Amino acid sequence: MVRSTETRDKVVDVALRLFRDEGFQATTMRRIADEAGVSLGNAYYYFAGKDELVHELYVRIQREHRTHALTVLVDGGSLAENFGAVLHSGLDVMEPYHAFGGSFIQLALPTRSSSSPFSEESSDARTMAVDLMRTALASSKQKIPASLNESLPTLLWMAYLGVTLHWVTDSSEGRARTRALVDGLVPIVAKSVKLARLPVARGLVGDVASLLTRMTSREGL
């Protein structure tokens with residue numbers, strides 16, 4: 001069992017390195033197998049194809065993002081500060097894979113794809129990502145309206161997905177435009193959450209939460 005796990009991990013490591021360095025289209029399962037020192041049949045034993053290895057990349061990025069983000073969250077910091085730290089740490093983790101980002105998005109966009117953030121196969125990674133947003137909220141001093149306790153972490157995660165989509169298409173040096181987007185977005189989010197505590201905004205908050213529930217349910221996809 002240990003050797004089986006080691007072999008699987010080695011195939012994943014090699015595949016992600018080749019995706020990063022040579023591109024998704026140029027990488028074949030045979031090349032992955034050769035580089036990993038396993039037979040082609042053995043590589044296919046663990047993964048049906050490159051698409052499944054893309055899903056492994058998604059899961060690995062979520063793990064690395066959480067590990068990195070937890071080191072920069074400030075207990076008692078502002079919501080803008082902590083949400084910004086989470087978004088910027090996510091960009092840091094993804095940066096080595098920027099050249100591969102377009103291929104990843106192309107594979108992940110269909111909701112039936114296992115690489116989709118909304119797929120059943122991605123449920124563990126999605127839960128991890130939403131829980132990171134929940135941790136950022138819990139670390140912040142800003143009080144969250146009770147009506148947003150359940151939905152706000154998912155809303156923040158979906159905002160992060162939007163930032164990721166912008167990052168994929170960002171050709172500016174060091175992804176400067178995406179960094180600027182994050183810096184402009186986080187205070188707006190923090191102010192919106194603060195306004196949600198006012199009676200006049202509660203109806204709108206309820207509408208947003210209801211829409212979110214419909215859009216993220218399996219039936220609504």
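Not measured: the values here are computed from a predicted model.

A. Spatial organisation of the overall build of the chain. The secondary structure content of the chain amounts to ten helices and zero strands. The order of helices and strands in the chain, counted from the N terminus, is α-α-α-α-α-α-α-α-α-α. Taking all 221 residues of the chain together, 45% fall into the buried category. Long-range pairs, those at least 24 residues apart, make up 69% of the contacts in the chain between residues at least 6 apart in sequence.

B. Fine view of the side chain of Ser 140. Note that Ser 140 resides in the loop between α7 (123-139) and α8 (152-168). Here Ser 140 falls in the buried class, since its relative accessible area comes to 9%. In terms of polar contacts, Ser 140 uses its side chain to reach the side chain of Asn 82, at 3.1 Å. Excluding residues that lie within four positions of it along the chain, Ser 140 makes contacts with Gly 77, Ser 78, Leu 79 and Asn 82.

C. Structural detail: the packing of helix α5 (residues 79-94) against α8. Where α5 contacts α8, the two axes come as close as 11 Å, and the packing angle between them is 40°. In terms of axis orientation, α5 runs oblique to α8. For α5 against α8, the interelement crossing comes out right-handed. Across the interface between the two elements, Phe 83, Leu 87, Gly 90, Leu 91 and Met 94 from α5 touch Leu 156, Ala 159, Tyr 160, Val 163, Thr 164 and Trp 167 from α8. Its residues assigned to classes, the contact of α5 with α8 comprises nine nonpolar, two polar and no charged.

D. Spotlight on the environment of Val 189. Along the polypeptide, Val 189 turns up in helix α9 (residues 176-195). Each C-alpha atom of the pair Val 189 and Ala 159 lies 9.4 Å from the other, and the pair is 30 residues apart in sequence. When near neighbours in sequence (up to four residues on either side) are disregarded, Val 189 contacts Phe 83 and Leu 156.

E. Just the pattern of salt bridges, in detail. Scanning all chains against the criterion turns up eleven salt bridges. One salt bridge connects Glu 56 with Arg 8, and the closest N-O pair in it is separated by 2.8 Å. Placement of the pair is Glu 56 in helix α4 (residues 50-70) and Arg 8 in helix α1 (residues 2-22), with a sequence separation of 48 residues. Among the residues examined, Glu 56 registers a relative accessible area of 16% and is labelled buried. Measuring nitrogen to oxygen at the nearest pair gives 3.1 Å for the salt bridge that ties Arg 17 to Glu 35. Highlighted residues: Arg 17 in helix α1 and Glu 35 in helix α2 (residues 29-36), separated in sequence by 18 residues. We classify Arg 17 as partly exposed; its relative accessible area is 31%. Among the residues examined, Glu 35 registers a relative accessible area of 35% and is labelled partly exposed.

F. Representation of a negative patch on the surface. A contiguous patch of negative charge on the surface is contributed by Asp 51, Glu 52, Glu 120 and Glu 121. Along the chain, the position of Asp 51 falls in helix α4. On the basis of relative accessibility, which here comes to 42%, the residue Asp 51 falls in the partly exposed class.

G. Structural view of unusual backbone geometry. At Arg 175, a position not held by glycine, the phi torsion is positive, near 55°. Within the element layout of this structure, Arg 175 appears in the loop between α8 and α9. You can call Arg 175 buried: its relative accessible area is 14%.

H. Representation of the environment of Glu 150 in the model. Assignment of secondary structure puts Glu 150 in the loop between α7 and α8. A relative accessible area of 65% places Glu 150 in the exposed class. For the pair formed by Glu 150 and Arg 134, sequence separation is 16 residues and the distance between their alpha carbons is 9.1 Å.

I. Inspection of the nonpolar core at higher detail. Judged by nonpolar contacts, the single largest core of 59 residues is most densely connected at Phe 19, Ile 32, Leu 53, Phe 83, Leu 87, Met 133 and Trp 157. Contacts of Met 133, omitting those with residues within four sequence positions, involve Phe 83, Val 86, Leu 87, Pro 153, Leu 156, Trp 157 and Tyr 160.

Conventions and cut-offs
Residues numbered from 1 in each chain as written. Predicted model: local features only at pLDDT ≥ 70, side-chain atom pairs only at ≥ 80, totals over all residues. Heavy atoms only, no water. Helix = DSSP H or I, 4+ residues; strand = E, 2+ residues; numbered from the N terminus. Buried < 20%, exposed > 50% of the residue type's maximum accessible area, 1.4 Å probe, protein only. Contact = heavy atoms within 4.5 Å. Polar contact = N/O pair within 3.5 Å; in protein donor to acceptor, adjacent residues only side chain to side chain. Axes fitted to C-alpha atoms, helices over the stretch in contact; angles between N-to-C directions. Parallel < 35°, antiparallel > 145°, perpendicular 65-115°, else oblique. Left-handed = near helix turned anticlockwise from the far one by under 90°. Nonpolar A, V, L, I, M, F, W, Y, C, P; charged D, E, K, R; others polar. Salt bridge = Lys/Arg side-chain N within 4 Å of Asp/Glu carboxyl O. Patch = residues over 30% accessible without salt bridge, like charges linked within 9 Å, V, L, I, M, F, W, Y side chains within 5 Å. Areas by Shrake-Rupley, 256 points an atom, 1.4 Å probe, with all protein chains shown as cover. Lys, Arg positive; Asp, Glu negative; His and termini not counted. Charge placed at Lys NZ, Arg CZ, Asp CG, Glu CD. Core = buried A, V, L, I, M, F, W, Y, C linked by side-chain atoms within 4.5 Å.

Purely geometric stuff here, so don't read any function into it on its own.
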